[in-house]
Structures are given as structure tokens and as C-alpha cells.
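Okay, here's what each chain looks like letter by letter:
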Amino acid sequence: MKKLKYALAFLGLTAIIVPQHLQAQDFFKDRKLYLNEDGSNYVKFTFMTQAWLRSIDYNPGSTINGVQKDKGTDIGIRRYRIQMYGQLTDRVFAYSQFGENNFNTISERKLGFFVHDAYGEYAIDKKALSLGVGLSGWSGLSRFSSPSVGSILGIDAPLFLQTTNDVNDQFLRKLSVFAKGKIGKLDYRLQMADPLEVTNSPAVQNRTTFSMDPSEMQWNGYFQYQFLDQESNMTPYMVGTYQGKKRVFNIGAGFIYQKDAMWMLTDTDDIEKSNMVHFAGDVFYDAPIGANGQAVSFYGNVTSYDFGRNYTRNGGPMNPTNGTNNPAMLNGGGNSFPMYGTGTVVYAQAGYKFKDNLIGKTTLMPYVSLQHADYDRLNNAMNFFDAGVNWLLEGNVAKLTVAYQNWPVYNTDGNKTGSEGGVIGQLQVLFN
């Protein structure tokens, strides 16, 4: 009975908000709620889940609640997203995103859902210049510093490009003022960000860490020339692969700069501050080939990181452990490894989409990627390898990915002592 009342109430509300001379389906076309008759003003709602089933070897000395574990199998929610956005008038756009990351058996319960984005923008010129303010992902440096996670080629994004993730930002998003637009085939974004105060930096030591003093403004920029099909810049998040629906060739470059972002102890035990300066260049090619839906995708990136002397920071997506009993290991526990650091990183990923209807009405898209880094603190190059295959059940709407990952293990002297790895399966379900 209650369900019937709710249904009647919803129908009544629809009758009020939808003009009588238009049918309801005219206002809910293309999964949008249209605000005017030609559909140029609208509100849209999307959601996505990426769930992992994983079996991996852990770094030496890994512990879960103090109990040593050498390997394990776990299930978790790598990402959950809800987006609400819309072109409210011809010049006003609003965007918000909520969600959760890395929820597994050792996560704090009922606390993970948080605001990812909340910003508004106004188009000074509808193509060449829009200005916005709020919490946003309009970061600089490179294409996948702000990835569209529902369309990524691999089982995960190249996370090292999110340079200050959760150090002085909120999962790559920053409180900021930004400008964006297109001038001919040049797509650009510029951002002045007010960094979140650093609360989780290690104590000052003889190699740089993030300063816990009040922060200076951070400046971001990314510019890309789009030679072939033009890409949308409606949101900051850039497509991983179009799976043959577009022919895209871009060359880009970007930067991040923050004055006095880092500090360290000198030989005389004085605190010395230094700037954080990063530069990157990248190339992206994604296009159909053949006549039956085949496609190729390639992304290459070279990044120069300057976090200061001998800086490294570990990263381990949805880490299944929460401790280590081996203080000689630089990596820490679980699947973490020196993902970030001062030095040069070369990254490449490539994928091939087989013909449509390869397996019934589905097809496959295998991929391979490599992050190769020469970090000042490490005596051996850091290579993170990831390869797998996407089973495109319904494009990105329903996608099953199986991948193998391998990462190096280092001791605190910076010497490589081995490597660990494992297999990950992901189911993605996307309403877009």
C-alpha cells in the first residue's frame, strides 16, 4: 500500500513539473531531465560500481591487525560513484560527485562515503573560456591526472599521475578557481588551488617530506592539441578509451607548482623548505581500425617530478593489510610500493579491441601497461607492470576485467630485494 502511495505521489509530482503540452518521455530522453524544450538545459544522474576479487602475494612482513600474512584473497569495492550535474542555463554549469574508494574488510565502516566534487562554472565564452570555483578535479600535469574512471583501459588508472592524492587534496580534487576552454584545436585548463593542510606527513627528516606549515597556493596547468576528433571538456575527467567510437590523436603538456611545499632537515639540523615542481608531456591515440569494430588505444607519458631530495611515497590501491613487522622494508605492508618520488617516470599503456560480436554479442579488449621510474632515493629502477583483458559485456556499462600486476620490493637503503604480484578480477557496472 505504501509503495502505491509513493508511486502516485511521484506521478503527481511529474505532472506538476512537466509542462502539459509535452509528454514525460520528452523530458527524460537520453537519461537526462530536460529543463527546456530543445534539451540544451538539463540535469543528469549517473552511478558506477567497480568491485574487486583479488588474490595476491603480500610484501614481506605484512600484517593484518598484528597477525603476519604472506598472501591472501580479498573482496572489496574499489570505487563507487554517484554523479549529478547539469547545464542549468546556457552559461551556467554545475557538477557534483559523491562516492567511496577502497572499501574492504579492514576499512572503517559507515564512514567512507564522501564528496569528491562540488563546483559551479560560468561560460564567459561558450567555447573559449569558462570560469569555475569549488572542489574539483581540474588539475594540471597530464591527461590521466584526472581520469574518467568508468572508461579507463586497464583495471586501474595510472595512479602515479595523481601526484598529491590525499596528501594535500581530497582524492586528487582541490579547492580551487579554474579556467578552461578550447581555442581552435587547443584544449586548456588552468587552476589556482588552495591546498588542504597536511596532516599525515612524516616527521621532518634528512630527506624531504610535505611541509605541515600553512600552505602557499598551488598552480596547475594542462594543454593538449587535439589533431583529429575533438573531445568534450564538459567535466575535468578524461576518457581512457573510446573503444573505437572516436578517432583521437592528442599531444599534451602540463605542470604543477607550489612554493615551499616541502621541507627537510639540513646537516646542521635546520629546517630547509623547497618548492614542488612537476612537468609532464604525453601523447594519446585512440581510434577504430578495420570494418568490424576493431580499435587500438595508446597512451605515453614522460613526467619529471621534483618533490625535493630523496622523496618517495608508497601507494597500494585498496591495501588488504594494515601493518608491517619488518621496519627494514621501504614498501610497507600489503601491495604498496614506491609509486611516487623525485625523479623521472616513463609510462605507456596499449590496448587492442577485437571485432564486435566476437563472443556472442560481446568482445574482448586486452591491454598492457608499464610504469618505469628512476627515483633518486632508489638504487634500482622501479617497474610496475600491469596486463589484462577486458571482457566488454555491454561496452563500459558492464565490463569484466582480469589482470596480473607485479611490483618491486625495496629495503630502506633503496635496494631492490625482490618483487610481489597477483591476479585481480573486476566487475564494472555503469549507469551513464
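This text follows the structure it describes.
Rules behind the numbers
- Residues numbered from 1 in each chain as written.
- Predicted model: local features only at pLDDT ≥ 70, side-chain atom pairs only at ≥ 80, totals over all residues.
- Heavy atoms only, no water.
- Helix = DSSP H or I, 4+ residues; strand = E, 2+ residues; numbered from the N terminus.
- Rg over C-alpha atoms; globule rule 2.2 N^0.38 Å.
- Buried < 20%, exposed > 50% of the residue type's maximum accessible area, 1.4 Å probe, protein only.
- Contact = heavy atoms within 4.5 Å.
- Areas by Shrake-Rupley, 256 points an atom, 1.4 Å probe, with all protein chains shown as cover.
- Lys, Arg positive; Asp, Glu negative; His and termini not counted.
- Charge placed at Lys NZ, Arg CZ, Asp CG, Glu CD.
- Pairing = 2+ DSSP bridges.
- 1 Å grid on protein atoms, 1.4 Å probe; cavity = no way out; pocket = protein on both sides within 12 Å on 5 of 7 lines; lining within 4 Å.
- Points joined across faces, edges and corners; volume = space filled by probe spheres on them.
- Nonpolar A, V, L, I, M, F, W, Y, C, P; charged D, E, K, R; others polar.
- Salt bridge = Lys/Arg side-chain N within 4 Å of Asp/Glu carboxyl O.
- Phe/Tyr/Trp six-rings, centres within 6.5 Å; stacked < 30°, edge-to-face > 60°.
- Lys NZ or Arg CZ within 6 Å of the ring centre and 35° of its normal.

## A look at the overall build of the protein chain
Working step 1: Along its length, the protein chain carries two helices and 23 strands.
Working step 2: Relative to its length of 432 residues, the protein chain is compact, with a C-alpha radius of gyration of 23 Å against a globular reference of 22 Å.
Working step 3: Along the first, second and third principal axes, the C-alpha set of the protein chain runs to 80 × 55 × 50 Å.
Working step 4: Classification of the 432 residues of the protein chain by burial places 49% in the buried group.
Working step 5: Look at the contacts in the protein chain between residues 6 or more apart in sequence, and 65% of them connect residues 24 or more apart.
Working step 6: Summing over all exposed atoms, the protein chain offers an accessible surface of approximately 19700 Å²; the carbon and sulfur share of this is 60%.
Working step 7: Both charge centroids of the protein chain, one from 39 positive and one from 38 negative side chains, sit 10 Å from each other.

## As for the sheet that holds strand β3 (residues 62-64)
Working step 1: Spatially, the three strands line up as an open sheet ordered β4-β3-β17, and their pairing is antiparallel. If you trace the sheet from one side to the other, it starts and ends with β4 (67-68) and β17 (323-324), each paired once.
Working step 2: With two bridges connecting them, β3 and β17 associate as antiparallel partners. Counted as the bridge partner of Thr63 is Gly323 from β17.

## Quick look at the layout of surface pockets
Working step 1: Considered as a void within the structure, the second largest pocket measures approximately 960 Å³ in volume.
Working step 2: Lining the second largest pocket are 35 residues, with Ser148, Ser151, Val239, Leu430 and Asn432 positioned closest to its centre.
Working step 3: If you list the elements that add at least two residues to the lining of the second largest pocket, you get β2 (42-57), β5 (71-87) and β6 (92-103).
Working step 4: In terms of residue count, the dominant contributor to the lining of the second largest pocket is β2 (five residues).
Working step 5: Residue composition of the lining of the second largest pocket, by class: 14 nonpolar, 13 polar and eight charged.

## What about empty space enclosed by the protein?
Working step 1: The full count for this structure, using the stated rule, is four cavities of 30 Å³ or more.
Working step 2: Taken as a whole, the largest cavity spans an internal volume of roughly 180 Å³.
Working step 3: Around the largest cavity, the lining comprises 20 residues; the ones closest to its centre are Asp156, Ala157, Pro158, Leu159 and Phe384.
Working step 4: Elements with a contribution of two residues or more to the lining of the largest cavity: β2, β18 (337-341), β19 (343-353), β20 (363-375) and β21 (382-392).
Working step 5: Taken together, the residues of the lining of the largest cavity sort by class into 11 nonpolar, six polar and three charged.
Working step 6: Taken as a whole, the second largest cavity encloses approximately 50 Å³ of empty space.

## Thoughts on the environment of Tyr122
Working step 1: Structurally, the position occupied by Tyr122 is in strand β7 (residues 114-125).
Working step 2: Tyr122 sits 251 residues away from Ala373 along the chain, and the two C-alpha atoms are 40 Å apart.
Working step 3: Ignoring sequence-local partners within four residues, the contact set of Tyr122 consists of Arg91, Val92, Leu129, Ser130 and Leu131.

## A closer look at the pattern of salt bridges
Working step 1: Summed over all chains, the structure comprises nine salt bridges.
Working step 2: Of the charged contacts in the structure, one is a salt bridge between Arg79 and Asp156, with a shortest N-O distance of 2.6 Å. A residue pair is termed long-range when its members are at least 10 positions apart, and Arg79 in strand β5 and Asp156 in the loop between β8 (129-136) and β9 (174-183) qualify at 77 residues.
Working step 3: For Asp156, a relative accessible area of 8% gives the class buried.
Working step 4: Put simply, Asp356 and Lys353 hold a salt bridge, and the shortest N to O gap is 2.6 Å.
Working step 5: For Lys353, a relative accessible area of 5% gives the class buried.

## Things to note about the packing of aromatic side chains
Working step 1: This structure, assessed with the given rule, holds 23 aromatic pairs.
Working step 2: Both rings, one in Tyr225 and one in Phe227, keep their centres 4.8 Å apart while their planes meet at 65 degrees; by these two values the pair is edge-to-face.
Working step 3: With relative accessibility at 34%, the residue Phe227 sits in the partly exposed group.
Working step 4: Here the aromatic residues Tyr85, Phe93, Tyr95, Tyr119, Trp138, Phe178 and Tyr237 are joined through ring pairs into a cluster of three or more.
Working step 5: Residue placement shows Lys246 over the ring face of Tyr242; its charged tip is 5.8 Å from the ring centre.
Working step 6: The residue whose ring lies beneath Arg313 is Tyr340, and the NZ or CZ to ring-centre distance is 3.9 Å.

## Brief notes about the pairing of strand β12 (residues 218-226)
Working step 1: Bridge count for strand β10 (residues 186-193) against β12 is eight bridges, and the pairing is antiparallel. Each bridged residue has a counterpart across the sheet, and for Leu190 the counterpart in β12 is Gly221.
Working step 2: In terms of strand pairing, β12 meets strand β13 (residues 248-265) through nine bridges, oriented antiparallel. When the sheet's bridge partners are listed, Tyr222 is paired in β13 with Gly254.

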